[in-house]
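For reference, the chains in residue letters:
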Amino acid sequence: MNGRPLLVIGNRNYSSWSLRPWILAQHLGIALDIQRIVLDTPTFHAEVCRYWPGGRVPVLIHGALVIPESIAIMEYLSELADGLGWPAEQQERAHARALAAEMHAGFATLRSLCPMNIRATGRHVTSTTALARDIARINAIFSDRSHAADRGPWLFGHYSAADAMYLPVAFRLRTYGYEGLSSQAIEYVERATSDPLAATWVRDAQAETEVIEHEEVGH
Ligand SMILES: N[C@@H](CCC(=O)N[C@@H](CS)C(=O)NCC(=O)O)C(=O)O
């Protein structure tokens, strides 16, 4: 298919679902055009509906193809790169897909109590049993990398869509603190959030001026 894919995104500071396919594209070397639509405005829904009637971002447009849903976009980007978005080995690939699906469908408490807010650091939110459970699960995922350590520092050695799925979680932990994390998990969070390929997104998020009050939680 000709031409660069267009990724329609929300605010870089807050839109965790937009970040996931974008960072995967960076790691796969796929150049994207970007259309940013500011979240939480009276026109957001109508503007997104010009691309996709579901009215949420991200949306990928490539030629006549319109793909909503971050996980479907990531599958497509991986296919554009000969499958390199997932681990090469079948069992690892199955495991990576399960982790990506777990993120896409789960962690409801973490996502609602600790919204992604890349600009913010040093925030504290009161923990709950459900939040501590989500963080314990994240800690286990981020700590369990020894099987692939000889191939690289990411969840499955080489960077994969599983890492892209969890990058917004790493930014959340950077914002709200490392309580409950092992040293291996903290190392992963710091690597992911200081990934040079994420730097332009972080810089652009920091330059955004919109403030969405209900996403500004913690003190
Ligand atoms: N399941 C969707 C979630 C997309 C989503 O909730 N996007 C948010 C921004 S991060 C959005 O568009 N919110 C605006 C709205 O729901 O009106 C995905 O994986 O892409």
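Thresholds applied
- Residues numbered from 1 in each chain as written.
- Predicted model: local features only at pLDDT ≥ 70, side-chain atom pairs only at ≥ 80, totals over all residues.
- Heavy atoms only, no water.
- Helix = DSSP H or I, 4+ residues; strand = E, 2+ residues; numbered from the N terminus.
- Rg over C-alpha atoms; globule rule 2.2 N^0.38 Å.
- Buried < 20%, exposed > 50% of the residue type's maximum accessible area, 1.4 Å probe, protein only.
- Contact = heavy atoms within 4.5 Å.
- Lys, Arg positive; Asp, Glu negative; His and termini not counted.
- Charge placed at Lys NZ, Arg CZ, Asp CG, Glu CD.
- Salt bridge = Lys/Arg side-chain N within 4 Å of Asp/Glu carboxyl O.
- Domains from an automatic or database assignment.
- Buried area = accessible area lost by both parts, 1.4 Å probe.
- Polar contact = N/O pair within 3.5 Å; in protein donor to acceptor, adjacent residues only side chain to side chain.
- Pairing = 2+ DSSP bridges.
- Axes fitted to C-alpha atoms, helices over the stretch in contact; angles between N-to-C directions.
- Core = buried A, V, L, I, M, F, W, Y, C linked by side-chain atoms within 4.5 Å.

(A) Region of the structure containing the overall build of the protein. Counting its regular elements, the protein contains nine helices and four strands. Reading the protein from its N end, one meets helices and strands in the order β-α-β-α-β-β-α-α-α-α-α-α-α. Against the globule reference of 17 Å for 219 residues, the protein gives a C-alpha radius of gyration of 17 Å, in line with a compact fold. Taken along its principal axes, the extent of the C-alpha atoms in the protein is 45 × 45 × 30 Å. In the protein, which comprises 219 residues, the proportion classed as buried is 48%. For the protein, the share of sequence-separated contacts (at least 6 apart) that also reach a separation of at least 24 residues comes to 73%. Here the protein contributes 19 positive and 24 negative side-chain charges, whose respective centroids are spaced 1 Å apart.

(B) Inspection of the pattern of salt bridges at higher detail. Taken as a whole and assessed by the stated rule, the structure comprises 13 salt bridges. The residue R36 makes a salt bridge to E210 at a minimum N-O spacing of 2.9 Å. Here R36, found in strand β2 (residues 33-36), pairs with E210, found in the segment after α9 (199-207); they are 174 residues apart in sequence, far enough to count as distant. Judged by its relative accessible area of 28%, R36 is partly exposed. Classification of E210 by relative accessible area gives partly exposed; the value is 22%. The salt bridge involving E187 is made with R191; its shortest N-O contact spans 3.7 Å. With E187 and R191 both in helix α8 (residues 183-193) and four residues apart, the pair spans about one turn of that helix. In this structure R191 comes out as partly exposed when scored by relative accessible area, which is 32%.

(C) Quick look at the domain arrangement of the protein. If you check the domain split of the protein, you get domain 1 (6-83) and domain 2 (90-200). Averaged C-alpha coordinates put domain 1 and domain 2 at centres separated by 21 Å. Each partner contributes residues to the interface: domain 1 has 18 residues there, and domain 2 has 24 residues. Contact with domain 2 buries surface across domain 1, with N13, R20 and H27 losing the most and accounting together for 31% of the total. Where domain 1 touches domain 2, the interface holds one salt bridge. With its nearest N and O atoms 3.2 Å apart, the salt bridge here joins R97 to E75. If you look at where domain 1 meets domain 2, you find eight residue pairs in polar contact (both at pLDDT 80 or more). For the side of domain 1 that touches domain 2, the elements supplying multiple residues, two or more each, are α1 (16-28) and α3 (70-80). The element contributing the most residues to the side of domain 1 that touches domain 2 is α1, with nine residues.

(D) Geometry of the sheet that holds strand β4 (residues 65-68). An order of β2-β1-β3-β4 is seen for the four strands of this open sheet, with the pairing classed as mixed. Bordering the open sheet on either side are β2 and β4, each of which pairs with just one other strand. Here the strands of the sheet are splayed against their neighbours by 20 degrees on average, with no regard to which way each runs. By the bridge criterion, four bridges tie strand β1 (residues 6-9) to β2 in an arrangement that is parallel.

(E) Examining the nonpolar core more closely. Grouped together as the largest cluster of nonpolar side chains are 57 residues, with contacts concentrated most on F142 and Y166. When residues of this core are traced back to their parent elements, those giving at least two are β1, α1, α3, α4 (90-105), α6 (129-143), α7 (161-176), α8 and α9. Sorting elements by how many residues they give to this core places α7 first, with 11 residues. Mapping this core onto the domain boundaries places at least three of its residues in each of domain 1 (6-83) and domain 2 (90-200). Among all residues touching F142, those that are not within four sequence positions of it are L155, Y166, V169, L173, Q184, A185, Y188 and V189.

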